[in-house]
Amino acid sequence: MTLDGKVPSGPIEQAWDKTRFEMKLVNPANKRRHTVLVVGSGLAGASAAATLGELGYNIKCFCFQDSPRRAHSIAAQGGINAAKNYQNDGDSVYRLFYDTVKGGDFRAREANVYRLAQISVNIIDQCVAQGVPFAREYGGTLTNRSFGGAQVSRTFYARGQTGQQLLLGAYQALERQVNAGTVRMFPRTEMLDLIVIDGKARGIVTRNLVTGTIDIHIGDAVILASGGYGNVYYLSTNAKGSNVTASWRAHKRGALFANPCYTQIHPTCIPVSGDYQSKLTLMSESLRNDGRIWVPKQKGDKRPPSQIPEDERDYYLERKYPSFGNLVPRDVASRNAKYVCDEGRGVGETGLGVYLDFADAIKRLGEQKIRERYGNLFDMYQRITDEDPYKVPMRIYPAIHYTMGGLWVDYYLQSTIPGLFVLGEANFSDHGANRLGASALMQGLSDGYFIIPYTLGNYLASTKLEKVSESHPEARNVEVAVKESIRKLLSIKGKRTVDSFHRELGKIMWDYCGMSRTAKGLETAIQKIRALREEYWQNVNVPGSGDDLNQSLEKAGRVADFFELGELMCIDARDRNESCGGHFREEYQTPDGEAQRDDEHYSYVAAWEYRGPGNQPELHKEPLEFKYVHPSQRS
Amino acid sequence: MKLTLKIWRQKNTNEKGRFVSYTVDNVNPDMSMLECLDVLNETLIERGEEPVAFEHDCREGICGSCGFMINGIPHGPMPATTVCQLTMRHFKDGQELTIEPWRASAFPLIKDLVVDRRSFDRIIASGGYISINTGNAPDANSIPVGKDIADKAMDAAACIGCGACVAACPNASAALFTGAKIAHLSILPQGQPERDRRALQMVAQMNAENFGGCTNIGECTAACPKEIPLEVIATMNRDFIRGSWKERDSTVRTITPMTEWSTGSKLDIDPHATS
Ligand code: SF4
Ligand code: FES
């Protein structure tokens, strides 16, 4: 198989315009004859379903939550980038493009990133017109902030709830189409498999989570917008329901999975407090603008922070990176927190935490100013930890937050299965090995509002689609397979709960395929995962039946997929003998401990092909070319 | 800590439910209410019993999935806090907590603590948006919106659609939820063209869903984890009356939210049905 990214030729500035012109259009009268299945209702899925509905396609949209408004995009706090240059501070499409390619540590496809930067400006227009209440200046214009160390202020935000407001905008647009009859919404419905007929994606098999009914849905194309796979680590900032099942099952039907080892760890989360912990809570990165990060100089220093004198504190980021200080990139901040904790200098009961101290900022700016800037974050912190961050430094620790890897797609967002399109966090495309702050929302909406409406039309207009019905033998086969796997999970009746397995898997992933990795550790992880997976299929206890709401059964299927994905992540991480972005291999670092890329050998997208249970997956490479932004080591 | 949880168990919509008491030992004061239920569920599964079904997703107070009554209060005793962010340190060792689902006929029960809130989606579908197709938007700064206006819109837009307001209201009214969306959009200049129709249609849908009418009791605001102000209901009523007048010849037929109210929309439960 040769992987063709279908990157348009010619100057990058005109690539998208030219492609749009060259793409075929579906006759307006024919659009409603095409049924398109959209899986997921987050920013990417809801914006795609709504826009395709507006265009007149017949859309069926699926989500596992009780309402499309609950998708995990809703939890994004910080903001959304756009190259509007409203602040007149030197931003441009080209600069956003440049920053994103560089921030992704030169592992993204240039043409995709350029298009993303171009479209960013339209997204803001669209959202404002929908009534998204972005923050404003007194004069009535939109306000911006600089985010995640960017040199320009290009981040738009709605308090600390930007994801919520953007998602509600897309959700409302979606409900408008539900009302208009172009979109049919299937909440509490989970996609469990993909139907491929004559080499094309033609449908999905779903389970109704309330009645347990297994259904076949046939369409002319399938759009996956089912989010990322951070929950393979059990503890992450993802919502509890976020899972890889839709993507993974499509992968097993032939869609290649790209760069699974690229995961992003967010440095400012509230530390784990006990074994019962079910998820981690992120606090916006903006806190690092005013907070100073430190640990005691002495190992095992258990004094309360107020009793540790200034000269016995180690402000390790300021010490090691004097020019960036506390604003070093996410991966650097995370890794250094791990190092100091590994040295035994971590704080809090578990020793897995570092201080984020606002005392100096409060002294300098006054408590009022700090309250204005971070009031709701401080309240949230206090609600969870019962400590007052105005008086006691916060404790933070890194947590899994976002996954850059995902199903491989070409420039048209089409996977290696024709007719299967993948949007948002579920695809691998735009962030390379590391995503910049405030770029996830941008990509989800860019894919959904502005790219898929064109590329889907092109596919439908240029592809001959046979008539297929629900009773097609292949559809039936897939349905039987789905029913069988559910039956199997329910019949094991072992001794351990699904969560106990998931927790153990997560620990393996975190220890060996987390913030820093080694070939040896990854090998160990692969063996451990295999053994645990074997035990899972002998000894998991899934109570209840398949005929009603059974949350254990839902989890059981998702965890089964996480096992397989986890192994692939370790294989990919072991194979990539370099450090880049979110992938840090201890063997490949500069003398002062920085990530060491190997552009000569690893400047490619690693796309893995599923080769059947128990078989080694096959690696396909899409070489990356950098014609505009020339690779340099991040400083 | 050790707690007794008296939890409403109901297999499905049709079967009768009842309270069942469970003791949970080793409750850590730092865990959330949902993590406490997780711990209970792990033991139930190990004992071969069915775990308690409850709704949750983000566990950080923003998705609106979670929610149930704790000792008669939606989302429990802490103000501005969803059950997923409610830590156990707010309860006393040995305390008994009665946990039951939202009770409203517009929210049919699915299982245990899980209810069907699709009526909220239908209220939004009836008009809770600005009708603008993708691609039609003018430059984002072409219409100035004062900071105070944007802030006010944001206050109303913060609603997470959890349903606590309905659960708190003796009439099981959805006025706070509906009013929040109407207020968010009608404050903004972009929302003006559809302002009248929006209010009429959303109020009509709210009534059609079997929510009770609002009698200005204010329990909703007190229970709301996002502190949506009562003022949004006034905005809804004002827009509704304004719309009723301006659109008096149109076909949108509705009943006034202020006058029409029913008492029968709370689902009946027998508080003594315990085992
Ligand atoms: S108004 Fe408040 S209580 Fe009601 S649904 Fe919205 S957030 Fe929940
Ligand atoms: S689980 Fe999302 S608000 Fe509680």
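(A) Summary view of the sheet that holds strand β6 (residues 189-197) of chain A. All names here are of chain A. Reading across from one edge, β6-β7-β8 is the order of the 3 strands in this open sheet, with antiparallel pairing throughout. Only two strands of the sheet have a single partner each, and these edge strands are β6 and β8 (214-218). Across the sheet, the mean angle from the axis of one strand to that of its neighbour is 25°, orientation sign disregarded. When strand β7 (residues 200-208) meets β8, the two strands line up antiparallel, connected through 5 bridges. What sits directly across from valine 205, in β8, is isoleucine 216.

(B) Seen up close, the site of ligand 1. All names here are of chain B. Taken together, 13 residues lie around ligand 1, and Cys159, Cys162, Gly163, Cys165 and Cys224 are the ones closest in. Of all the secondary-structure elements, those providing two or more residues to the shell around ligand 1 are α4 (164-168) and α5 (175-187). Across the shell around ligand 1, the residue classes break down as 11 nonpolar, 2 polar and no charged.

(C) Broad picture of the confidence of the model for chain B. All names here are of chain B. Mean pLDDT over chain B: 91, with 91% of residues reaching 70 or higher. Contacts for the low-pLDDT stretch residues 254-265, under 50 throughout, to residues beyond four places or in other chains number 31 contacts. Ignoring residues within four places in sequence, the model shows residues 268-275, a span with pLDDT below 50, making 14 contacts including any to other chains. Two summary scores accompany this predicted model of the complex, namely pTM at 0.96 and ipTM at 0.96.

(D) A look at empty space enclosed by the protein. The tally for this structure, following the rule as stated, stands at 12 cavities of 30 Å³ or more. Estimates place the volume of the second largest cavity at around 660 Å³. As for the second largest cavity, its lining consists of 37 residues, of which Gln551, Glu554, Lys555 and Arg558 of chain A together with His56 of chain B are closest to the centre. The set of elements that each furnish at least two residues to the lining of the second largest cavity consists of α14 (498-512) and α16 (551-575) of chain A together with α1 (33-46) of chain B. Top contributing element to the lining of the second largest cavity by residue count: α16 of chain A, with 7 residues. Across the lining of the second largest cavity, the residue classes tally to 13 nonpolar, 12 polar and 12 charged.

(E) Looking closely at the nonpolar core. Residues Ile80, Phe134, Leu194, Leu224, Leu456 and Tyr536 of chain A are the most contacted members of the largest nonpolar core, which totals 235 residues. Top element by residues in this core is α16 of chain A. It accounts for 12 residues. Membership of the second largest hydrophobic core comes to 28 residues, among which are Tyr276 of chain A together with Val20, Met33 and Leu113 of chain B.

(F) Spatial organisation of the interface of chain B and chain A. Counting from both sides, the interface comprises 78 residues of chain B and, opposite them, 75 residues of chain A. Of the roughly 6100 Å² buried between chain B and chain A on both sides combined, carbon and sulfur atoms contribute 49%. Our count for the contact surface shared by chain B and chain A stands at 8 salt bridges. Salt-bridge contacts for aspartate 386 of chain A lead to arginine 89 of chain B; the nearest nitrogen and oxygen are separated by 3.7 Å. Those elements that provide at least two residues to the side of chain B that touches chain A are α1, β6 (109-111), β7 (114-115), α2 (118-125), α3 (147-157) and α5 of chain B. Residue contributions to the side of chain B that touches chain A peak at 7 residues, all from α3 of chain B. A per-class count over the side of chain B that touches chain A returns 36 nonpolar, 19 polar and 23 charged.

(G) Local environment of the packing of helix α15 (residues 519-539) of chain A against α16 of chain A. Residue and element names in this part refer to chain A. The contact between α15 and α16 brings their axes to 9 Å, and the two run at 160°. On the basis of the axis angle, α15 is roughly antiparallel to α16. For α15 against α16, the interelement crossing comes out left-handed. On α16, the residues touching Ala519, Leu522, Glu523, Ala525, Ile526, Ile529, Arg530, Leu532, Arg533, Tyr536 and Trp537 of α15 are Ala556, Val559, Ala560, Phe563, Glu564, Gly566, Glu567, Cys570, Ile571, Ala573 and Arg574. By residue class, the composition of the contact of α15 with α16 is 15 nonpolar, 1 polar and 6 charged.

(H) Representation of the layout of surface pockets in the model. Of the voids in this model, the largest pocket is the one considered here, and its volume is about 1600 Å³. Contributing to the lining of the largest pocket are 48 residues, with Arg159, Gly160, Gln161, Glu372 and Asn376 of chain A lying nearest its centre. At the level of elements, α11 (367-385) of chain A together with α3 of chain B are the ones that each hand at least two residues to the lining of the largest pocket. The element best represented in the lining of the largest pocket is α11 of chain A, accounting for 11 residues. The calculated volume of the second largest pocket comes to roughly 990 Å³. Forming the walls of the second largest pocket are 39 residues, and the residues nearest its centre are Trp248, Lys252, Asp561, Glu564 and Tyr610 of chain A. For the lining of the second largest pocket, the secondary-structure elements that each account for two or more residues are β6, α7 (245-252), α13 (473-492), α15 and α16 of chain A. Broken down by class, the residue content of the lining of the second largest pocket amounts to 15 nonpolar, 8 polar and 16 charged.

Criteria and cut-off values
Residues numbered from 1 in each chain as written. Chains lettered and ligands numbered in written order. Predicted model: local features only at pLDDT ≥ 70, side-chain atom pairs only at ≥ 80, totals over all residues. Heavy atoms only, no water. Pairing = 2+ DSSP bridges. Helix = DSSP H or I, 4+ residues; strand = E, 2+ residues; numbered from the N terminus. Axes fitted to C-alpha atoms, helices over the stretch in contact; angles between N-to-C directions. Near = heavy atom within 4 Å. Nonpolar A, V, L, I, M, F, W, Y, C, P; charged D, E, K, R; others polar. pLDDT = per-residue confidence, 0-100. Contact = heavy atoms within 4.5 Å. 1 Å grid on protein atoms, 1.4 Å probe; cavity = no way out; pocket = protein on both sides within 12 Å on 5 of 7 lines; lining within 4 Å. Points joined across faces, edges and corners; volume = space filled by probe spheres on them. Core = buried A, V, L, I, M, F, W, Y, C linked by side-chain atoms within 4.5 Å. Buried < 20%, exposed > 50% of the residue type's maximum accessible area, 1.4 Å probe, protein only. Buried area = accessible area lost by both parts, 1.4 Å probe. Salt bridge = Lys/Arg side-chain N within 4 Å of Asp/Glu carboxyl O. Parallel < 35°, antiparallel > 145°, perpendicular 65-115°, else oblique. Left-handed = near helix turned anticlockwise from the far one by under 90°.

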